[in-house]
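# A structural walkthrough
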Amino acid sequence: MATETDTKNPTTTESAVVDGSALAGRALAAAGVSHMFGVVGIPVTAVATRAVAAGVRFIAFHNEQSAGYAASAYGYLTGRPGVLLTVSGPGCVHGLAGLSNAWINTWPMVMISGSCDQADFGKGDFQELDQIAAVKPFVKVALKATSISEIPRIVQTALVTAVAGRPGGCYIDLPTDVLHQTISESEASSLLSEAANPIPPQIPDPEITEVEKAVSLLRHAQRPLIVFGKGAAYARAEGAVTKLVETTGIPFLPTPMGKGLLPDTHELAATAARSLAIGKCDVALVVGARLNWLLHFGEAPRWSKDVKFILVDVSKGEIELRKPQVGLVGDAKRVLDLINREIKDDPFCIGRTHPWVESIRKKAMDNAAKMDVQLAKEVVPFNFFTPMKIIRDAISAQGSPAPILVSEGANTMDVGRAVLVQREPRTRLDAGTWGTMGVGLGYCIAAATADPDRLVVAVEGDSGFGFSAMEVETLVRYQLPVVVIVFNNGGVYGGDRRTPEEITGPHKGDPAPTSFVPGAAYHTLMEAFGGKGYCVSTTDKLKSALSESFSARKPAVINVIIDPYAGAESGRMQHKN
Ligand code: ADP
């Protein structure tokens, strides 16, 4: 008897053996996809199971938002597109969080969503949505398979496009009827081999005359600075940037996620003298970092109004937008190699006793000494600094390979950025270009699957943790080596900071919009699934929880009770609130 699918699908025959779901799974495996993140359901459950059967590891989440964040961070960490699988309609909408995160951070990702039956579109079908239109603002390409034969080519195109030029998100739409269509094994094999191995487009080098101009500017600068960001980290430019810094003696400043390309402890690090470095430099070589809000738009008064920028970015549009003195469009590693080659013929080094280098060094040491005074105090009930120092020392004691740090929250992230030390590239994942809260557990899972040799340590505010807290079950299910440290100050920014005049009106008895249940037992969430939970409010207990959980390399939540009135509303961004 003909099934409903057969009657809708005239291509079904007795000899058909491969359906759309199986073909999608095999196409992903054939294209080298090793991991996929997502939430299964109608109509994509079989896509996940068939992909697993074809050799892809599927990490099943509770929420597409976290799975999407995981896929985006996986793309950043590995240089290969992170793949997200969602159901249709609402699943696709939830997945937009991850897709837009990939877009704004310029990370490669492919979102695959099932969608409603093509024949029923426009009639109010189950989970119907014009998904191609919904994803458009956030993708490099949005591709819909209108028949089974298009699946392998579309999969390859999306994966290649995601990493080509400026990385970003791509979208694949798989309608229910296409997933149910069937073809013969020999047709499937030939479609898969026709689609295989597309040549990834090469990123051309910049003109050598532009490289010469850049080197000349650096050579003649009085107060040069090298700034690098997560684009340089993505390009794996750590060797080239280290060589440049060490041959020229130019101080450097990483952006938050650029931290670790050179160790934060390097003697030329200007991180602790940031305001001086950007305020006084006369030439800044900026590699793989946008002159956006994180770098004060490259404008006065935070930068000198006469500063000359040399920008290195894979995106021509980005360079045209910022109008630098010299723009070098290309891959960061490759461009830095060209700069190093150019310098090699006529080397220069500004030397450790140069007044510019000495002033940065002195300022950095003064600021570090002030921070040390702050960190030396043992404040209980905990402020943000006392537990952060203990965490810093515990992470540093892990040596190499260094743990991957995931950080989100307002005060927790701000204090963490200043106190925690990054020594290896791509070991810091934080709220990024959008300051996105809710990335935490997704990023942890991405880090643990992308780099299984490393411990993953999340240092999160309780508000940030709450966005993705249910994914602690995912950590336990896959037994991932992730320790989540929750700075629990009882709310968004902590306690109720309203003035008496603000506490008025018919709902004045409600909790403040910034407040959560005080002293929430977040550690018991982890215990509910068989992981290890700790609740600590003293230095000794925190040290012992860190030591035990880091050695165990098993899922754990450490609930660190913080004084609800420590820290500030909006962290360091109070001017925006
Ligand atoms: P950060 O947040 O660290 O300041 P941004 O996200 O603002 O960094 O900037 C990263 C930049 O890096 C983007 O403009 C992106 O185009 C660029 N980029 C991405 N990949 C590469 C690469 N391989 N080489 C050079 N630039 C890159």
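Residues numbered from 1 in each chain as written. Predicted model: local features only at pLDDT ≥ 70, side-chain atom pairs only at ≥ 80, totals over all residues. Heavy atoms only, no water.

The name given to the protein in an unreviewed UniProt entry is 2-hydroxyacyl-CoA lyase, with the source organism recorded as Carex littledalei. UniProt, in the comment section headed Function (unreviewed entry), describes the protein in these words: "Catalyzes a carbon-carbon cleavage reaction; cleaves a 2-hydroxy-3-methylacyl-CoA into formyl-CoA and a 2-methyl-branched fatty aldehyde." Its UniProt record gives the protein the following Subunit (unreviewed entry) comment, quoted word for word: "Homotetramer." (UniProt positions renumbered as here; feature names shortened; annotations may be inferred.)

Looking now at the UniProt feature "domain: Thiamine pyrophosphate enzyme TPP-binding" (unreviewed entry) in the protein. With numbering matched to this structure, UniProt assigns "domain: Thiamine pyrophosphate enzyme TPP-binding" (unreviewed entry) to residues 409-560. Taken end to end, residues 409-560 has its terminal C-alpha atoms 14 Å apart, with 35% of it in helix and 16% in strand. (Helix = DSSP H or I, 4+ residues; strand = E, 2+ residues; numbered from the N terminus.)

Moving on, we get to the sheet that holds strand E18 (residues 532-536). Read across the sheet, six strands follow the order E15-E14-E16-E17-E19-E18 without closing on themselves; strand pairing throughout is parallel. For this open sheet the edge positions go to strand E15 (428-429) and E18, each flanked by a neighbour on one side alone. Bridge count between strand E14 (residues 404-408) and E15: two bridges; the pairing is parallel. Note on E15: the bridge partner recorded for Val-406 is Leu-429. Contacts from helix H23 (residues 539-552) reach strand E16 (456-461), strand E17 (482-488), E18 and strand E19 (556-561) within the one sheet, and its direction differs from that of E18 by about 165°. (Pairing = 2+ DSSP bridges. Contact = heavy atoms within 4.5 Å. Axes fitted to C-alpha atoms, helices over the stretch in contact; angles between N-to-C directions.)

Close contact between helix H17 (residues 385-396) and helix H18 (residues 411-419) brings their axes to 10 Å; oriented N to C, the two are set at 45°. The angle between H17 and H18 places the two elements in the oblique class. Pair H17 / H18 crosses with right-handed handedness. Between H17, through Phe-385, Met-388, Lys-389 and Arg-392, and H18, the contact on the second element is made entirely by Thr-412, Val-415, Gly-416 and Val-419. Considering only residue class, the contact of H17 with H18 consists of four nonpolar, two polar and two charged. (Parallel < 35°, antiparallel > 145°, perpendicular 65-115°, else oblique. Left-handed = near helix turned anticlockwise from the far one by under 90°. Nonpolar A, V, L, I, M, F, W, Y, C, P; charged D, E, K, R; others polar.)

The domain architecture assigned to the protein consists of domain 1 (17-195), domain 2 (208-361) and domain 3 (377-561). Its C-alpha centre places domain 1 at a distance of 31 Å from the equivalent point of domain 3. Across the boundary between the two partners, domain 1 contributes 25 residues, which contact 22 residues of domain 3. Buried area between domain 1 and domain 3, summed over both chains or domains, comes out near 2,000 Å², and the portion from carbon and sulfur atoms is 65%. Summed over the three residues of domain 1 that lose the most area to domain 3, namely His-62, Tyr-69 and Leu-77, the buried surface amounts to 29% of that side. (Domains from an automatic or database assignment. Buried area = accessible area lost by both parts, 1.4 Å probe.)

Further remarks concern the packing of aromatic side chains. Summed over the entire model, instances satisfying the criterion amount to 10 aromatic pairs. Here the aromatic rings of Trp-107 and Tyr-443 are separated by 6.1 Å at their centres, their planes lie at 55°, and the arrangement is tilted. Of the two residues, Trp-107 is situated in the loop between helix H5 (90-105) and strand E5 (109-115) and Tyr-443 in helix H19 (residues 440-450); the sequence distance between them amounts to 336 residues. Judged on exposure class, the residue Trp-107 and its partner Tyr-443 are both buried. Between Trp-303 and Phe-309 the ring centres are 4.9 Å apart and the planes differ by 65°, which places this aromatic pair in the edge-to-face class. Look at Trp-303 and you get buried, because its relative accessible area is 1%. By relative accessible area, which is 8% here, Phe-309 ends up buried. A network of ring pairs unites the aromatic residues Phe-37, Phe-61 and Tyr-74 as a single cluster. (Phe/Tyr/Trp six-rings, centres within 6.5 Å; stacked < 30°, edge-to-face > 60°. Buried < 20%, exposed > 50% of the residue type's maximum accessible area, 1.4 Å probe, protein only.)

Turning our attention to the confidence of the model for the protein. Per-residue confidence for the protein gives a mean pLDDT of 94; residues scoring 70 or more make up 96%. Scored below 50 in pLDDT, residues 1-14 makes 11 contacts in the model with residues more than four places away or belonging to other chains. (pLDDT = per-residue confidence, 0-100.)

Because an α-helix completes one turn every 3.6 residues, residues spaced three or four positions apart along the sequence face the same direction. Taking burial as the measure, the 11 residues of helix H2 (residues 20-30) include eight buried ones, the bulk of the element. All of the buried residues along H2 are Gly-20, Ser-21, Ala-22, Leu-23, Ala-24, Gly-25, Ala-27 and Leu-28. Phi turns positive, to about 90°, at Gly-32, one or two residues after H2.

This part takes up the site of the ligand. Lining the immediate surroundings of the ligand are 22 residues, of which Arg-166, Lys-230, Thr-255, Arg-290 and Asp-313 lie closest. Take Arg-290: an N or O atom from its side chain is 2.7 Å from an oxygen atom of the ligand. Taking Asp-313, its side chain carries an N or O atom lying 2.6 Å from an oxygen atom of the ligand. Contact with the protein chains hides 98% of the accessible area of the ligand, taken as 580 Å² for the molecule alone. (Near = heavy atom within 4 Å. Polar contact = N/O pair within 3.5 Å; in protein donor to acceptor, adjacent residues only side chain to side chain. Areas by Shrake-Rupley, 256 points an atom, 1.4 Å probe, with all protein chains shown as cover.)

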